[in-house]
Amino acid sequence: MSDLLAHLNPPQLAAVTLPPQHALILAGAGSGKTRVLTTRIAWLISTGQVGPQGVLAVTFTNKAAKEMQARLAALLPINTRGMWIGTFHGLCNRFLRAHHREAGLTAQFQILDSADQLAAIKRLLKNLNIDDEKYPPRELMHFINAHKEQGIRAAQAEAYDAYTSRRVELYGEYEGQCQREGVVDFSELLLRSYELLQRNEPLCQHYQARFRHILVDEFQDTNRLQYAWLKLLAGRGSVKSESAGACLFAVGDDDQSIYAFRGAEIGNMRALQREFDLPEVIRLEQNYRSHGNILDAANALIKQNRGRLGKNLWTEAGAGEPIRVFEGYSDIAEAAFIVEEICELAGDGVSRQQMALLYRSNAQSRVLEHQLFKQGLAYRVHGGLRFFDRQEIKHALAYLRLLANPDDDTAFARVVNFPTRGIGGRSIEALQEAARQSNCSLYNAAASLAGKPGGAVARFIAMIESLRAETRDLPLPEVIDQLIERSGLRQHYLADKEGQDRLENLDELINAASSFLKDDGVPLVDGDEVVPDGGPLASFLAHASLEAGEHQAGEGQDAIQLMTVHAAKGLEFDIVFITGLEQGLFPHENAAQEREGLEEERRLMYVAVTRARKRLYLTHAQTRMLHGQTRYCLPSSFLEELPVELLRKINRGLSSAPLAPPRSTAVAGAAWQQPAAANALRIGQNVRHARFGVGVIVSSEGAGPEARVQVNFGAGGVKWLALEYAKLTPA
DNA sequence: ACAGCGTTAGTTTTT
DNA sequence: CTAACGCTGT
């Protein structure tokens, strides 16, 4: 036990050994947050304050959940498998499988991932003959998910105009379709669980009594529904607990909240303080990751945000190196500089894996990749296609889903004609019509409508039926093997000269099923209850939806790491390059208009800065290819928010930008007014506008009194201005 | 059924 | 500029 608590700093120790009460731990970047979380659980259990089954630990990602589980297993001599440690979605899935009847679901209910959900919505619109120009499927999906994340069903949704009223109707139709098909989307997992707990008091009280300690990671990322769910389980929701509810131990960092766009409510942190009457928050401010200069820069930057809970990172490590700032003439020059530095560092023996290139948006990786490739440097781009997202895997899983649940129309539509078997658009439309008329699934419609026994539809149904009958008692990996064979998938990819990789992935799927059965597939028996489910098939399918698998390519290699700043959250590297630090890019122009948006961008920058352990590079370019056009860019305002004494500009030979761009880029109108003036307006020229401030001229059109210039004002956006009226002075 | 063409949009993303 | 999508023609 003393081992357990050794090497904790005072606030960490205070957090870990807090008496049973609600708490908010404000955990800065690199402050040992995961350690505190896992040690807290271990301490609670090893001091006998709670049994393993009395703990509920929630994270957002599978990676975090696995890490917590692994660390806990290393701290405690108990089997952590039966414990309720997992993602919000994973735990809700477990809960709904155990109580599927009360939740109004079948034991076989399937989970739609985002792609499936979108396909389901497109199918719905087609069925209802709705113009998807007027109701774009993606937008409708967002509308539905946003409502679910607020805990709002179609029946309660407000419609303030005709358009929204129609969308609410469609939301309702979508709910009906999912229910008919026996599928739930990601947000439904949460909403369904929440509603069941709220409606079923005995059940809710059972879980309230069971979980004595609820621990939440990344609390700043919770949405309204997730917070409501936590409150309910902690006995602070609408169902009151007779005994005292669980203690809620929330760990988070408001300065690292970067997911507002997907529903995260930063306000949940203050709400928690208020609603749970927290006297104080424990701050973990000692940083074990970065050198002092990097932390000073991060602290100075984030101080610009308003309404923070407040926190100042510090370290016992020295100040370290200054932060290097580089300005390139173009995005290409920027990338070339970075690659040059990387070569030098690699020559000095720095591991390539310890160097990360961060950018605001994915499109930026292209130029960087190109330069790295030219130098023959190994690199890895994070955020690519994941294992269970591959089309061949999705096809195989769709067959599997159809075996488990014939009503799953999304699965049916996906594979009814893949590999092609002569069931074209008209047959499918006929099936859809028939299904609608008799209000049944596509599969049932196909089964009853498969008129001529020799028809393609009849053959498909027969194939699925015999597959289901003959694989009923086979172990899962063999079922998958059979299905790949009998569906014609193997044959199809064998014939495709580029199908080699896909066949290997299909074999990998069989392996994944074997190891799933070995690791996670054991029937869960925890505490007093046996957790039932729809059998190994249903749980494997749930696993596939909930855990799309890590990005596979080049995992172990010593390669330069490329990723968006979002993807870098939670990671750390010796050397970090933050690239594209330009107004309009980072902060992004879509976000920089309002304070809230700009503050979120600043938090994003804060996350980026705090990834670096030893050395940080901030790079930007004067010009950048964007949407096929050369954009003239101003340096990011975030650069100005960093204390200048921490920075070192390192523009070397190759960077020297032509300060006077070529004559041919002179703006027509300006040239007409003052042809030879030294301060003639030209593309790339910095100008000042009375209202919008400083900007760069991006392009121009027209001549004489009609001449207009397009100016990039960064945070103020990109604007067209008539030279005759707008008073632009060189800046 | 599928290739080829034209059109359009173009932050961030986990489950 | 490009990638992705949808439509049309064979």
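Residues numbered from 1 in each chain as written. Chains lettered and ligands numbered in written order. Predicted model: local features only at pLDDT ≥ 70, side-chain atom pairs only at ≥ 80, totals over all residues. Heavy atoms only, no water.

Visitor: Can you lay out the overall build of chain A for me, pointing to particular residues and giving the numbers?
Guide: Check the secondary structure of chain A and you find 28 helices and 23 strands. Against the compact-globule benchmark of 27 Å for 731 residues, chain A has a radius of gyration of 29 Å, which places it among compact chains. With the principal axes as the frame, chain A shows a C-alpha extent of 85 × 70 × 55 Å. Looking at chain A as a whole, 54% of its 731 residues qualify as buried. Across chain A, the fraction of contacts at a sequence separation of at least 24, relative to all contacts at a separation of at least 6, is 76%. For chain A, the exposed area adds up to about 32000 Å²; of that, 50% sits on carbon and sulfur atoms. (Helix = DSSP H or I, 4+ residues; strand = E, 2+ residues; numbered from the N terminus. Rg over C-alpha atoms; globule rule 2.2 N^0.38 Å. Buried < 20%, exposed > 50% of the residue type's maximum accessible area, 1.4 Å probe, protein only. Contact = heavy atoms within 4.5 Å. Areas by Shrake-Rupley, 256 points an atom, 1.4 Å probe, with all protein chains shown as cover.)

Visitor: Summarise the confidence of the model for chain A; cite the residues concerned and give the values.
Guide: Confidence in the prediction of chain A, expressed as mean pLDDT, is 89, and 91% of residues score 70 or more. Throughout residues 522–530 the model reports pLDDT below 50, and contacts reaching past four residues in sequence, or to other chains, amount to 17 contacts. The model gives residues 654–666 a pLDDT under 50, and that stretch makes 15 contacts with residues more than four places away or in other chains. (pLDDT = per-residue confidence, 0-100.)

Visitor: Outline the UniProt feature "binding site: ATP" (unreviewed entry) in chain A, supporting the account with residue identities and numerical values.
Guide: Summarizing the sequence annotation, UniProt attributes the feature "binding site: ATP" (unreviewed entry) to Ala27, Gly28, Ala29, Gly30, Ser31, Gly32, Lys33 and Thr34 in the numbering used throughout. Inspection of the secondary structure assignment puts glycine 28 in the loop between β1 (23–27) and α3 (33–46). Judged by its relative accessible area of 4%, glycine 28 falls in the buried class. Contacts of glycine 28, omitting those with residues within four sequence positions, involve Asp253, Gln256, Leu284, Lys311 and Leu313. When you line up the elements, threonine 34 lands in helix α3. Those residues in contact with threonine 34 that lie beyond four places of it in its chain are Glu67 and Arg71. (UniProt positions renumbered as here; feature names shortened; annotations may be inferred.)

Visitor: Tell me about the protein's contact with DNA strand B, and name the residues and values.
Guide: Every one of the 23 residues lining DNA strand B counts as a neighbour, but Asn62, Ser114, Arg360, Asn362 and Thr564 are closest to it. In DNA strand B, atoms within 4 Å of the protein come from the sugar-phosphate backbone in 50% of cases. In this structure, a phosphate oxygen belonging to DNA strand B sits 3.3 Å away from a side-chain N or O atom of arginine 386. Between a sugar or linking oxygen of DNA strand B and a side-chain N or O atom of histidine 588, the distance comes to 3.2 Å. Taken together, the residues that form the surface near DNA strand B break down as 5 nonpolar, 15 polar and 3 charged. (Near = heavy atom within 4 Å. Polar contact = N/O pair within 3.5 Å; in protein donor to acceptor, adjacent residues only side chain to side chain. Nonpolar A, V, L, I, M, F, W, Y, C, P; charged D, E, K, R; others polar.)

Visitor: Please provide a residue-by-residue account of α3, values included.
Guide: Between its first and last C-alpha, α3 extends 20 Å over 14 residues, near the 20 Å set by a 1.5 Å rise per residue. Of all 14 residues that make up α3, 12 are buried, and the element is covered over most of its length. The complete set of buried residues in α3 reads Lys33, Thr34, Val36, Leu37, Thr38, Thr39, Arg40, Ile41, Ala42, Trp43, Leu44 and Ile45. Remark: glycine 48 follows α3 within two positions and exhibits a positive phi of approximately 75°. (Expected span 1.5 Å × (residues − 1).)

Visitor: Describe the protein's contact with DNA strand C, naming the residues involved and giving the relevant values.
Guide: Around DNA strand C, the surrounding shell consists of Lys122, Arg366, His627 and Gly628. Counting only atoms of DNA strand C within 4 Å of the protein, the fraction found in sugar and phosphate groups is 53%. Broken down by class, the residue content of the surface near DNA strand C amounts to no nonpolar, 2 polar and 2 charged.

Visitor: Break down helix α19 (residues 442–449) for me, citing the residues and quoting the values.
Guide: Buried residues of α19: Leu442, Tyr443, Ala445 and Ala446, and no others. Viewed end-on, α19 has its buried residues packed into an arc of 165°, placing them on one side of the element. If you follow the buried residues of α19, they end up packed against α16 (391–404), α17 (409–415), α18 (425–437) and α20 (456–471). (Arc of directions from axis to C-beta.)

Visitor: Tell me about the side chain of threonine 59, residues and numbers included.
Guide: With respect to the helices, strands and loops of the structure, threonine 59 is situated in strand β2 (residues 55–59). On the accessibility criterion, threonine 59 (1% relative accessible area) is buried. Other than its neighbours up to four places away in sequence, threonine 59 contacts Ala64, Ala65, Met68, Gly86, Thr87, Phe88 and Asp217.

Visitor: Which residues make up the environment of arginine 97, and what values go with them?
Guide: One can find arginine 97 in helix α5 (residues 88–98). On the basis of relative accessible area, arginine 97 is assigned to the buried category, the value being 4%. Sequence-wise, arginine 97 and alanine 107 are 10 residues apart; in three dimensions their C-alpha atoms are separated by 6.5 Å. At 2.7 Å, the side chain of arginine 97 and the backbone oxygen of phenylalanine 109 are in polar contact.

Visitor: Hey, could you go over the pattern of salt bridges for me, with residue numbers and the actual values?
Guide: When the charged atoms of two side chains with opposite charge come close together, those side chains can pair. Under the criterion given, the structure shown has 49 salt bridges. Of the charged contacts in the structure, one is a salt bridge between arginine 486 and glutamate 470, with a shortest N-O distance of 2.9 Å. Here arginine 486 is found in helix α21 (residues 476–486), whereas its partner glutamate 470 is found in helix α20, with 16 residues between them in sequence. A salt bridge links arginine 595 to glutamate 596, with the shortest nitrogen-to-oxygen separation between them at 4.0 Å. Judged by relative accessible area, which is 55%, glutamate 596 ranks as exposed. Taken together, the salt bridges that share partners define one network made up of Lys148, Arg153, Glu175, Asp185, Glu188, Arg192 and Glu195. (Salt bridge = Lys/Arg side-chain N within 4 Å of Asp/Glu carboxyl O.)

Visitor: Could you give me a rundown of the environment of alanine 512, with the residues and numbers involved?
Guide: On the secondary structure map, alanine 512 appears in helix α23 (residues 500–519). Separated by 28 residues in sequence, alanine 512 and phenylalanine 540 have C-alpha atoms that sit 9.4 Å apart.

Visitor: Tell me about the state of the cysteines, and please be specific about residues and values.
Guide: Scanning the entire structure with this criterion turns up 0 disulfides. With no disulfide of its own, cysteine 178 lies closest to cysteine 92 among cysteine sulfurs, the gap being 17 Å. We classify cysteine 178 as buried; its relative accessible area is 7%. The thiol sulfur of cysteine 247 is not disulfide-bonded, and the nearest other cysteine sulfur, from cysteine 204, lies at 16 Å. (Disulfide = S-S within 2.5 Å.)

Visitor: How would you sum up the nonpolar core? Please name residues and give values.
Guide: By size, the foremost hydrophobic cluster in this structure holds 49 residues, and its most contacted members are Leu56, Ile214, Trp229, Leu230 and Leu272. Sorting elements by how many residues they give to this core places helix α11 (residues 224–233) first, with 7 residues. Contact partners of leucine 272, with chain neighbours within four places excluded, come to Ala23, Leu24, Phe219, Tyr227, Leu248, Ala250, Asp277 and Leu278. Residues Ala396, Ala456, Met463 and Leu489 belong to the second largest nonpolar core, which totals 47 residues. (Core = buried A, V, L, I, M, F, W, Y, C linked by side-chain atoms within 4.5 Å.)

Visitor: Tell me about the side chain of aspartate 217, and name the residues and values.
Guide: Relative to the elements of secondary structure, aspartate 217 occurs in the loop between β6 (213–216) and α11. Polar contacts involving the side chain of aspartate 217 include one to the side chain of lysine 33, which spans 3.2 Å. Those residues within four positions of aspartate 217 in sequence are excluded, and the remaining contacts are Lys33, Leu37, Val58, Thr59, Phe60, Ala64, Met68 and Val251.

Visitor: Could you give me a rundown of the sheet that holds β2, with the residues and numbers involved?
Guide: The strand order across the open sheet formed by 6 strands is β3-β2-β6-β7-β1-β8, and the pairing between neighbours is parallel. The two strands at the open ends of the sheet, each matched to only one other strand, are β3 (84–87) and β8 (282–284). Adjacent strand axes in the sheet meet at a mean angle of 15°, parallel and antiparallel pairs treated alike. The pairing of β1 with β8 spans 3 bridges and is classified as parallel. Bridge pairing in β8 places isoleucine 25 opposite isoleucine 282. Contacts between α5 and the sheet are confined to β2, β3 and β6, with β3 contributing the most and set at about 125° to the helix. (Pairing = 2+ DSSP bridges. Axes fitted to C-alpha atoms, helices over the stretch in contact; angles between N-to-C directions.)

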